[in-house]
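What follows is the residue order along each chain.
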Amino acid sequence: MNAPLPAATAAAAPPPLLDVNGIEVIYHHVILVLKGVSLAVPEGAIVALLGGNGAGKTTTLRAISNLLAGERGEVTKGSIQLRGERIEKLSPAALVERGVVQVMEGRHCFAHLSIEENLLTGAYTRHDKGEVAANLEKVYAYFPRLKTRRGSQAAYTSGGEQQMCAIGRALMANPRMVLLDEPSMGLAPQIVEEVFGIVKDLNDKEKVTFLLAEQNTAMALRYADYGYILESGRVVMDGSAATLAGNEDVKEFYLGMGGAARKNFRDVKSYKRRKRWLA
Ligand SMILES: Nc1ncnc2c1ncn2[C@@H]1O[C@H](COP(=O)(O)OP(=O)(O)OP(=O)(O)O)[C@@H](O)[C@H]1O
Ligand SMILES: [Mg+2]
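Throughout, residues of each chain are indexed from 1 in the direction in which the sequence is written. Chains carry letters from A onward and ligands carry numbers from 1 onward, assigned in written order. Totals for whole chains, interfaces and linings use every residue, but because this is a predicted model, local features are given only for residues with pLDDT of at least 70 and side-chain atom pairs only at 80 or more, for both listing and counting. Note: side-chain values were computed over all heavy atoms of the structure, leaving out hydrogens and water.

Thoughts on the sheet that holds strand β9 (residues 226–231)
- Between any two strands, pairing holds if DSSP finds at least two bridges. Where helices and strands are cited, they refer to DSSP runs of H or I of at least four residues and of E of at least two residues respectively, numbered from the N terminus. Here 6 strands make up an open sheet; going across it, the order is β6-β7-β8-β3-β9-β10 and the pairing mixed. Strands at the two margins of the open sheet, each flanked by one partner only, are β6 (100–103) and β10 (234–240). Ignoring which end each strand starts from, the neighbouring axes of this sheet average 15° apart.
- Here a residue-residue contact requires only that any non-hydrogen atoms of the pair lie within 4.5 Å. To get an axis, a line is fitted to the C-alpha atoms, and for a helix only the part in contact is used. The angle between two axes follows their N-to-C directions and goes from 0 to 180 degrees. Across the sheet, helix α2 (residues 57–65) touches β3 (46–50), β6, β7 (177–181), β8 (209–214) and β9, and the angle it forms with β7 is around 150°.

Focus: the packing of helix α7 (residues 159–171) against helix α8 (residues 189–206)
- Closest axis-to-axis distance for the α7/α8 pair is 10 Å, and the angle between their directions is 15°. Considered as vectors, α7 and α8 are oriented roughly parallel to each other. Read as a crossing pair, α7 and α8 show a hand that is right-handed. Residues G160, Q163, M164, I167 and L171 of α7 form the contact with α8, whose own contacting residues are I191, E194, V195 and L202.
- Class assignment for the residues of the contact of α7 with α8 results in 6 nonpolar, 2 polar and 1 charged. Roughly parallel here means an angle under 35 degrees, roughly antiparallel means over 145, roughly perpendicular means 65 to 115, and every remaining angle is called oblique. Two helices that cross are described as forming a left-handed crossing if the nearer one is turned anticlockwise from the farther one by less than a right angle, and a right-handed crossing if clockwise. Only Asp, Glu, Lys and Arg are considered charged, only Ala, Val, Leu, Ile, Met, Phe, Trp, Tyr, Cys and Pro nonpolar, and every remaining residue, Gly among them, polar.

Listed below in structure tokens is the structure:
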């Protein structure tokens, strides 16, 4: 008779879609920017990577999508796994084939191409024209504004339309996971709301998983399931969006909800904040 499986094996949870384990990133061989960052993104979740300027959010996303080399950066410690497979050595194109795409900070649409031409560049790994056409219609269904502006040169569209175009282009690769860098940057509050609403819809209806880097903590916590707060290349706090939104330090330093006697996070030395986070 076979011995029963040990409880731990029988109940083993599947690995998270993305598992970042203690990564260190160094730029130009000397500048240590990430100092052991760990995070997990479960399939189907929206996970927020929060923190102020220079905290290391973009660097973390670049490390995952293997876009560090062009910046003269490298992962020098730790591991990154997608569905249990190590991905640190994979090219960005190999990651796209595995369903992971990044939308870069600052939008990066091709200014001289039309919105539709921009969207089609996102399908460069796909060869079935029928599927690509169907995917394009799906993107237009989520972003009706892009359909109206499909023939316009990207340079002459609004910041919000360019952000939508950048997300739409990523969706043309039919991804399972999107790494979204500062979707709210430079956009009016109403447009930010619209962009986040579409992200939530894509998550609900298409089951696309998102890891999004944001300085707009309030907005990110309204839409995310879980969040990590980065400061100076370290995760100082993580928790469900509701836990983070209710935390006094997060309220004070990141949500601007401190009373008159309390200080803004920029006014408090980071080591003092870290002492409080880790207390
Ligand atoms: N290519 C690079 N070469 C050298 N240092 C870099 C490079 N890119 C980023 N850094 C440094 O790494 C640190 C983290 O930068 P990163 O862009 O990851 O932060 P961030 O959290 O995305 O900030 P922001 O909210 O301003 O976008 C900063 O100190 C930055 O100056
Ligand atoms: Mg950034």
